[in-house]
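# Chain and residue survey
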Amino acid sequence: MNVIRRNGLGLVAWFVGILFFLPIAWMALTSFHSEEDAATNPPSFGAALTLDGYREFFGTGGGASPWPSLINSTVASVGSTLLVLLLALPAAYALSIRPVKKWTDVLFFFLSTKMLPVVAGLLPIYLFAKNTDMLDNIWLLVILYTSMNLPIAVWMMQSFLSEVPVAVIEAARVDGAKLPTILARVVAPIALPGIAATALICFIFSWNELLFARVLTGVVAETAPVFLTGFITSQGLFLAKVCAASLVISLPVLAAGFAAQDKLVQGLSLGAVK
């Protein structure tokens, strides 16, 4: 009976996994079709394959090059993720290993900042950026993404760091290690799966963010999601080109998730057990 139940759960898991994968597979297949074949209804699965969508995305046909936007997204996502980790690690250390009074209230306050609708803060941030000449500046996005991801990063890492044995930290203090050394050489290696999971989630949130990037950037600091929206027009066919662009822009997130999947599962499981 247990074997049948396990096999049944395995089949359900495979079915759900395939169900989630089907849209990505469909998008990938459509990206290799011509615009005429991509627009057919029902879809033409046996249509001839072509790289025209990717050629148009990379600007070989005379269009705009996506490389500046991809570089901007990389700078904003990687830069903000590094800043988040740099700030969240000592904050989570103070809330878990060296807890302050009413530390649960502090964590709830951090998380409550994520409950504010993003649109509610759009106008004041735009006015601030305009008055400080920060519009169309990639470093403004780095600061914004850092502030947006910091609460969830502190919340996650507090759970991970609470699993670090206090005896190891006390032994490092006895040996004369200072707080920066303890964080870098003792806490960080032990909590590496949790740090990796936090970093990956912050990177994904930053890479996929569209609203602030759409409003606060123009040409110089345009990110990849904003560049992608430029392919959608009211005239002409664009489905294959959009699918090709979406697949290319999704590759960094997919690659990061695949590379860190073991640490991501281990880190999230550690937080769940806690």
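The protein has the name Carbohydrate ABC transporter permease in an unreviewed UniProt entry, where Streptomyces cupreus is given as its organism. The UniProt entry for the protein carries this comment under Subcellular location (unreviewed entry): "Cell membrane". According to the UniProt record, the Sequence similarities (unreviewed entry) comment for the protein reads "Belongs to the binding-protein-dependent transport system permease family."

### Looking at the pattern of salt bridges
All told, the structure shown has three salt bridges when counted by the stated rule. A salt bridge links Lys241 to Glu56, with the nearest nitrogen and oxygen atoms 3.3 Å apart. Taken as a pair, Lys241 in helix 13 (residues 239-259) and Glu56 in helix 3 (residues 52-57) lie far apart in primary sequence, 185 residues in all. In this structure, Glu170 engages Arg173 in a salt bridge whose closest nitrogen and oxygen atoms are separated by 2.9 Å. Of the two residues, Glu170 and Arg173 both sit in helix 8 (residues 166-174), three residues apart, roughly one turn of that helix. We classify Glu170 as partly exposed; its relative accessible area is 37%. In this structure Arg173 comes out as partly exposed when scored by relative accessible area, which is 27%.

### What about the UniProt feature "transmembrane region" (unreviewed entry) in the protein?
Cross-referencing UniProt, the feature "transmembrane region" (unreviewed entry) maps to residues 9-29, 75-95, 107-126, 138-161, 182-206, 212-231 and 238-260 in the present numbering. In the segment residues 212-231, helix accounts for 55% and strand for 0%; the C-alpha atoms at its two ends are 19 Å apart. Within residues 238-260, the helical portion is 91% and the strand portion 0%, while the C-alpha atoms at the span's ends are 34 Å from each other.

### A short note on a nonpolar patch on the surface
A cluster of nonpolar side chains, contributed by Val12, Trp14, Phe15, Val16, Ile18, Leu19, Phe20 and Leu22, occupies part of the molecular surface with about 890 Å² of accessible area. As for its position among the elements, Trp14 is in helix 1 (residues 2-31).

What counts, and at which threshold
- Residues numbered from 1 in each chain as written.
- Predicted model: local features only at pLDDT ≥ 70, side-chain atom pairs only at ≥ 80, totals over all residues.
- Heavy atoms only, no water.
- UniProt positions renumbered as here; feature names shortened; annotations may be inferred.
- Salt bridge = Lys/Arg side-chain N within 4 Å of Asp/Glu carboxyl O.
- Helix = DSSP H or I, 4+ residues; strand = E, 2+ residues; numbered from the N terminus.
- Buried < 20%, exposed > 50% of the residue type's maximum accessible area, 1.4 Å probe, protein only.
- Patch = residues over 30% accessible without salt bridge, like charges linked within 9 Å, V, L, I, M, F, W, Y side chains within 5 Å.
- Areas by Shrake-Rupley, 256 points an atom, 1.4 Å probe, with all protein chains shown as cover.

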